[in-house]
Amino acid sequence: MARESEKSQKTTSPSQKRMLMEFFYLQYDTLIISLNILDFKIKRVLVDPGTGFNLTSVITQGEILFPTYVEGVTKTTMFEVVDGDMGYNVILGRSWIHEMKVVPSTYHQLLNFPTPEGIKKIKGDQLVAREMNAVTVYSSKGKETSK
């Protein structure tokens, strides 16, 4: 009888294990979307509900007002201008989230917000988030790999 239960247990291949790990760690990705500013579609936009980006460590060059357009809703948004490569083209913080009445979910990689036509949703761009958060790992053999 013990042999039958051992046979009925399935082994998990390395690729299946990797897929399971990716599935279970989806909630750790940052929430990155695309949005229209003026007449341009801007990619690599970080939605930061207040736990990630720290503006106190960055010297700003000034402020600028731009209209943002998302799913039928246009809001004029104040942006801090910084000089440097931060990886993101735009960071939307709590003021934009509150102004738009957005309910962000990094766990679900989703933004929900009200519009005149009802509740709209924007899915996060998880592939971009993964690419931006890729960590370079050196294997024990000295080869460089990206995870």
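Here, every reference points to the structure presented above.
Residues numbered from 1 in each chain as written. Predicted model: local features only at pLDDT ≥ 70, side-chain atom pairs only at ≥ 80, totals over all residues. Heavy atoms only, no water.

**Q** Just to check I follow, could you spell out the overall build of the protein for this structure?
**A** In terms of helices and strands, the protein carries four helices and ten strands. Along the chain direction, N to C, the helices and strands of the protein fall in the order α-α-β-β-β-β-β-α-β-β-β-α-β-β. When each of the 147 residues of the protein is scored for burial, the buried share is 21%. Here the analysis covers contacts within the protein between residues at least 6 apart in sequence; of these, 51% occur between residues at least 24 apart. Of the roughly 11100 Å² of accessible surface on the protein, 53% is carried by carbon and sulfur atoms. (Helix = DSSP H or I, 4+ residues; strand = E, 2+ residues; numbered from the N terminus. Buried < 20%, exposed > 50% of the residue type's maximum accessible area, 1.4 Å probe, protein only. Contact = heavy atoms within 4.5 Å. Areas by Shrake-Rupley, 256 points an atom, 1.4 Å probe, with all protein chains shown as cover.)

**Q** In this structure, what is going on with unusual backbone geometry? I would like to understand it.
**A** What you tend to see is this: most non-glycine residues have negative phi, and most peptide bonds are trans. Within the chain, L38 stands out as a residue other than glycine whose phi angle is a positive 55°. By relative accessible area, which is 44% here, L38 ends up partly exposed. Even without being a glycine, Q109 presents a positive backbone phi close to 55°.

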